[in-house]
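Next come the chains, spelled out residue by residue.
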Amino acid sequence: MKLISILGLAAILAGAATAGNADQLVDIKARGKLICGTLGTAEPFSFQHPQTRQIVGYDVDICQKVADSLGVALELKPIAVEARIPELIQGRVDILAANLGYTPERAQQIDFSYSYFVSQQKLMATKESGITTLDQLAGKKVTAIKGSTSEQGVRRLIPTAETVTFQDTSSAYLALVQDKVDAFCASELSLVKLRQQSQAKTPMVVIEKSLFVEPWGLGLRKNETAFKDHVNSVLANLAGTGEFDKVFSKWLGEGTLFNIKRDFAIEAIKG
Amino acid sequence: MGYVFDLRGVLSGQYLDWFLIGLATTLALTCAAWCLAMTMGIVLTLIRMIPFRPLEWFVALYVEYHRNVPLLVQIFVWYFGVPSLLPRPARQWINVHHGEFLLATIALGLAAAAYVAEDVRSGIRSIPKAQNEAARSIGFGYLGAMGYVVLPQAIRIAVPPLINQTLLLFKNTSLAMAIGVGELTYRTREVESYTFKTFEAFAVATAIYLTISFGIMACGAYVGRRLKLETV
């Protein structure tokens, strides 16, 4: 009985943290800062700048634009991949800009802003393994980051494969290099970066065909209509004035490691 | 919006299966690592009893390494470090034969063995030296005196701390999650990341861990009563 009451108390406390905010937009302005949850470990979206030690990137710039539009300061809070949604729901961050792919399950828990990035989810294998197509992965071991959409995508789209998940990119990558798994599923961008880094020692192949395509949105708490409308209007405005393209090309365009063109629109994510 | 605590979401369909698979893996991992820990622990104690300095140093070094290096690091060393020293065919054999389970068993078992060795050694040291000398004087060899006279009494004294080690070992299996062993905590995290029912998922895991822990403690109390000797 005691256990149940303790758990009940914990649940009530969690509830209390989320309740009470009449209007988040008003709260943020009153507080004078926007708390943005971001990964801090995912180049070029959110990562520590090697010289300044500051967390910078595409996600950070988008958050900065939202903070600027409200006339408040930006506070970045680094969070782990699987803690993103709980941190948001429990009110420890105002907004998530954290490689957050849209899924119907997530959309039941939180709201998504307009898509601000569309990620190609691909698979990478060692050159030595001879794996070059998705069909070859049937019955093989595939790794992904714990709690990511890549993990769920592998389960859904390659049901015969065995998924082995790790806490972070480095462990999953090490498992691939050491042949403990046959392939690694992640966004094309992170795979391109890993492939580049491992070129000399262990050549890797990124399978050409995407496993699936994933629109990313900023994560917002449910029932915060005013804040959500504001964030969406900021994104739409950035796209309209060309500011958005500047941010995109700064981190992902020509002259960067990734060298890609924007081929998606800033629009509501269709569920 | 308040948080609605609802266990049904995590205790139905595939999520219930995941919990059960996780529980089975945790129990298998605990049993395998426990057997390794007990065997290795007793062997280490016996080696330490041999009056030959380098062997004593070896065991002391073994115990210090396993007691002072974080268990998670030891698990990573066994999973990522040790296999890369092996020849390629051996590495591939490990990778296709559930290497993560095997290597987690070794890491957990060897670490627990260090504690078991210390517990058994303190049990042995609590048996008066004269008993060993008496056994030797009536013709037992080293192993005979140990096996028939000293160890049976020492193990009885060591039972309560060994039950403690078993409990710790059982809970430490959750660290194997970090190398992708699909044990209870790993599955709980999975249920959580699919349902976002954090409290519910961990409440179920906590209840399972508690139940098994109480079971281990009850077994320990029973074994302790059965083994009790009035003379010791």
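Predicted, not measured: the structure shown is a model, and the values here were computed from it.

### Remarks on the overall build of chain B
Counting its secondary structure elements, chain B contains nine helices and zero strands. Going from the N terminus to the C terminus, chain B shows its helices and strands as α-α-α-α-α-α-α-α-α. Dimensions of chain B, computed from C-alpha atoms along their principal axes, come out at roughly 75 × 50 × 25 Å. Residues counted as buried form 38% of the 232 residues belonging to chain B. Sequence separation of 24 or more characterises 80% of the internal contacts of chain B that already satisfy a separation of 6 or more.

### Comments concerning the pairing of strand β7 (residues 111-126) of chain A
Residue and element names in this part refer to chain A. Along β7, 12 of the 16 residues are buried, which leaves the element largely enclosed by surrounding structure. In this sheet, strand β12 (residues 212-220) lies alongside β7 in antiparallel orientation, the contact comprising eight bridges. In the sheet register, Val118 faces β12, and the bridge partner there is Pro215. Relative to strand β10 (residues 183-187), β7 runs antiparallel, the two being bridged by four bridges. Residue pairing for β10: Leu123 is matched across the bridge by Cys185. For β7 and strand β11 (residues 204-206), the ladder comprises three bridges, and the chain directions are antiparallel. Its bridge partner being in β11, Thr126 is matched across the sheet by Met204.

Calculation rules
- Residues numbered from 1 in each chain as written.
- Chains lettered and ligands numbered in written order.
- Predicted model: local features only at pLDDT ≥ 70, side-chain atom pairs only at ≥ 80, totals over all residues.
- Helix = DSSP H or I, 4+ residues; strand = E, 2+ residues; numbered from the N terminus.
- Buried ≥ 20, exposed ≤ 12 C-beta atoms within 10 Å, placed from the backbone.
- Contact = placed C-beta atoms within 7 Å.
- Pairing = 2+ DSSP bridges.

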